[in-house]
Number of protein chains: 2
Amino acid sequence: MKKYQIIAEQLMENIKSEKYKIKLPIEDELVEEFQTSKNTIRNATDLLVEWGMLYRVQGSGVYIRQFEHEKAINASMIRGVSQEFKASTVRTEVVYLELVDADEVMASELDTEIGNPVYRLKRIRYVDDEPFTIEYSLYNKEIVPYLGIEIAQRSIYDYIEHDLKMRIGFADKYISVGHLNQEDAEVFGYQKGDPMLVINEKVFLTNGMLFNSSRVIHNYQETTLFVSANNHRRL
Amino acid sequence: MKKYQIIAEQLMENIKSEKYKIKLPIEDELVEEFQTSKNTIRNATDLLVEWGMLYRVQGSGVYIRQFEHEKAINASMIRGVSQEFKASTVRTEVVYLELVDADEVMASELDTEIGNPVYRLKRIRYVDDEPFTIEYSLYNKEIVPYLGIEIAQRSIYDYIEHDLKMRIGFADKYISVGHLNQEDAEVFGYQKGDPMLVINEKVFLTNGMLFNSSRVIHNYQETTLFVSANNHRRL
């Protein structure tokens, strides 16, 4: 990570801990606080403007965006349920975890060859004992060489980053709405045909390798997704 | 806009027009093409990495993200229906547009005072003659001084940017799922109680002023939302 990226993360921490509230301290104070150049401070704040965390008002300073729904899930971030609900009790039921040869559909989902080894996995995540998501996931074993029940009961992303030392880079998420089937509806205590909120996601390492494809069905009554949109992306 | 931001937009144009395909040209070629410094090129590509359009592979170069669902709506951008579906015929029915005094709910929605003037608006947007969204919107008249039927039949955002010369900055979007009521269901040709995909959004000028609050109900069978997530936002 570059210097300005590290400082951006430290600025974020200070915003989260409410060291800074309405606006950031002036540039000279930040230069002093972080013992770095004006240019680095400016690049760091530019980055947080890009992330939608700050905005600039000419002649007045750099302001902190105020977000309302504390409980909404930020869809622009890659975070598992465990990380999203740090203040809650997250329990994971691994319904199945098996190593299979990729069929045509799986191969296409993971952008790999038919017959290649793939971990196929179904988990139900409970937040404070309420069923929150049903995850149907595929992991490319050629990239993630091992997955076991104990890992799947916790955070697979943490395992990949901390134990396998691989860097998760980015994800494409497609959000859509349909109708629950009998099996999934029962998990949530709903009726077959009730609304289904589903996120289809592909997750890549920083080097662009696709290692995970998931279909995550959310408990529609318990889920609000948050997205911060920026207009300079209006290309 | 800064130099590197302008170049970032030009790079995006070249990606969209497929002048660059799998990866970007090497830095030296871009320096030559844009007649600028290496540093500016690097800041521009950094920005597009942030936006989730590019990714770097060490020792190999800068790659272009390949997106699958051409028809999905990018929820990380502020774009009206008109801009999102340039290739299609977009028709707008203005159901009502009225100037009212803000009641308690409207005042709270727009973060203004009770009694202040507010435009209240309902529109149905059709894409290729299919009903696509039902929008319930509020605009703060103290910021957007005039709205008329003719403007509302086209793109209100274009009017604000091009005619009023104000700069739209960012938006908070909250995506959730519920059940359609009778009135909205009829617009889409669905049944009361069928799934409803709703985006509640607040839209701000670049100076942080909230000018628009909307509740946009999407035709759930016709909508896929796309979000590009980045892991360096994992804070």
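Just so you know, these numbers come straight off a predicted model, no measurement behind them. (Residues numbered from 1 in each chain as written. Chains lettered and ligands numbered in written order. Predicted model: local features only at pLDDT ≥ 70, side-chain atom pairs only at ≥ 80, totals over all residues. Heavy atoms only, no water.)

Undergrad: Before we go on, may I ask you to explain the packing of aromatic side chains in this structure?
TA: The geometry of an aromatic ring pair comes down to the distance between the two centres and the angle between the two planes. Applying the stated criterion to the full structure yields 16 aromatic pairs over all chains. An aromatic cluster is defined as three or more aromatic residues linked by ring pairs; in this entry it consists of Tyr55(A), Tyr63(A), Phe170(B) and Phe204(B). Of note, Arg91(A) hangs over the ring of Tyr126(A), and the distance from its end group to the ring centre comes to 4.2 Å. (Phe/Tyr/Trp six-rings, centres within 6.5 Å; stacked < 30°, edge-to-face > 60°. Lys NZ or Arg CZ within 6 Å of the ring centre and 35° of its normal.)

Undergrad: It is not clear to me how the sheet that holds strand 8 (residues 195-205) of chain A should be interpreted in this structure. Could you clarify?
TA: Consider a sheet: its strands pair through backbone hydrogen bonds, and that pairing is either parallel or antiparallel. The strand order 4(A)-5(A)-6(A)-9(A)-8(A)-7(A)-10(B)-3(B) describes an open sheet built from 8 strands, whose pairing is mixed. Both edges of this open sheet fall to strand 4 (90-101) of chain A together with strand 3 (73-74) of chain B, since each of them pairs with a single strand only. Looking at chain direction, strand 4 of chain A and strand 5 (residues 117-127) of chain A are connected through 11 bridges and run antiparallel. Counted as the bridge partner of Tyr96(A) is Lys122(A) from strand 5 of chain A. (Pairing = 2+ DSSP bridges. Helix = DSSP H or I, 4+ residues; strand = E, 2+ residues; numbered from the N terminus.)

Undergrad: How do you make sense of the pattern of salt bridges when you look at a structure like this?
TA: Scanning the entire structure with this criterion turns up 22 salt bridges over all chains. Measuring nitrogen to oxygen at the nearest pair gives 3.2 Å for the salt bridge that ties Glu135(B) to Arg125(B). Of the two residues, Glu135(B) sits in strand 6 (residues 130-140) while Arg125(B) sits in strand 5 (residues 117-127), which places them 10 residues apart along the sequence. Comparing Glu135(B) with Arg125(B), the two get one shared label, buried. Residues joined in a network through salt bridges with shared partners are Lys2(A), Asp46(B) and Arg56(B). (Salt bridge = Lys/Arg side-chain N within 4 Å of Asp/Glu carboxyl O. Buried < 20%, exposed > 50% of the residue type's maximum accessible area, 1.4 Å probe, protein only.)

Undergrad: What am I meant to see in the packing of helix 1 (residues 3-16) of chain B against helix 2 (residues 27-34) of chain B here?
TA: A packed helix pair is summarised by two numbers, namely the angle formed by the two axes and the spacing between the axes. Residue and element names in this part refer to chain B. One way to put it is that helix 1 packs onto helix 2 with a least axis distance of 12 Å and a crossing angle of 105°. Between helix 1 and helix 2, the crossing angle belongs to the class labelled roughly perpendicular. Residues Ile7, Gln10, Leu11 and Asn14 of helix 1 lie in contact with helix 2, whose contacting residues are Leu30, Glu33 and Phe34. By residue class, the composition of the contact of helix 1 with helix 2 is 4 nonpolar, 2 polar and 1 charged. (Axes fitted to C-alpha atoms, helices over the stretch in contact; angles between N-to-C directions. Parallel < 35°, antiparallel > 145°, perpendicular 65-115°, else oblique. Contact = heavy atoms within 4.5 Å. Nonpolar A, V, L, I, M, F, W, Y, C, P; charged D, E, K, R; others polar.)

Undergrad: Could you clarify how one ought to interpret the sheet that holds strand 6 of chain B in this entry?
TA: Strands sit in the order 3(A)-10(A)-7(B)-8(B)-9(B)-6(B)-5(B)-4(B) across an open sheet of 8 strands; the sheet is mixed. Each end of this open sheet is capped by a strand with a single partner; those strands are strand 3 (73-74) of chain A together with strand 4 (90-101) of chain B. In the sheet, strand 5 of chain B pairs with strand 6 of chain B via 10 bridges, with the strands oriented antiparallel. What sits directly across from Lys122(B), in strand 6 of chain B, is Tyr136(B).

Undergrad: How do you make sense of the environment of Pro195(A) when you look at a structure like this?
TA: Within the secondary structure, Pro195(A) is located in strand 8. As a C-alpha pair, Pro195(A) and His218(A) span 23 residues in sequence and 9.9 Å in three-dimensional space. Not counting chain neighbours up to four residues away, the residues in contact with Pro195(A) comprise Gly178(A), Leu180(A), Tyr220(A), Val177(B), Gly178(B), His179(B) and Pro195(B).

Undergrad: For this particular structure, what's the right way to read the environment of Ala152(A)?
TA: All names here are of chain A. Here Ala152 lies in helix 6 (residues 149-152). With relative accessibility at 0%, the residue Ala152 sits in the buried group. Spatially, the C-alpha atoms of Ala152 and Val94 are 6.7 Å apart, while their sequence positions differ by 58 residues. Residues contacting Ala152, with those up to four places away along its chain left out, are Thr92, Val94, Leu121 and Arg123.

Geometry only, nothing functional implied.
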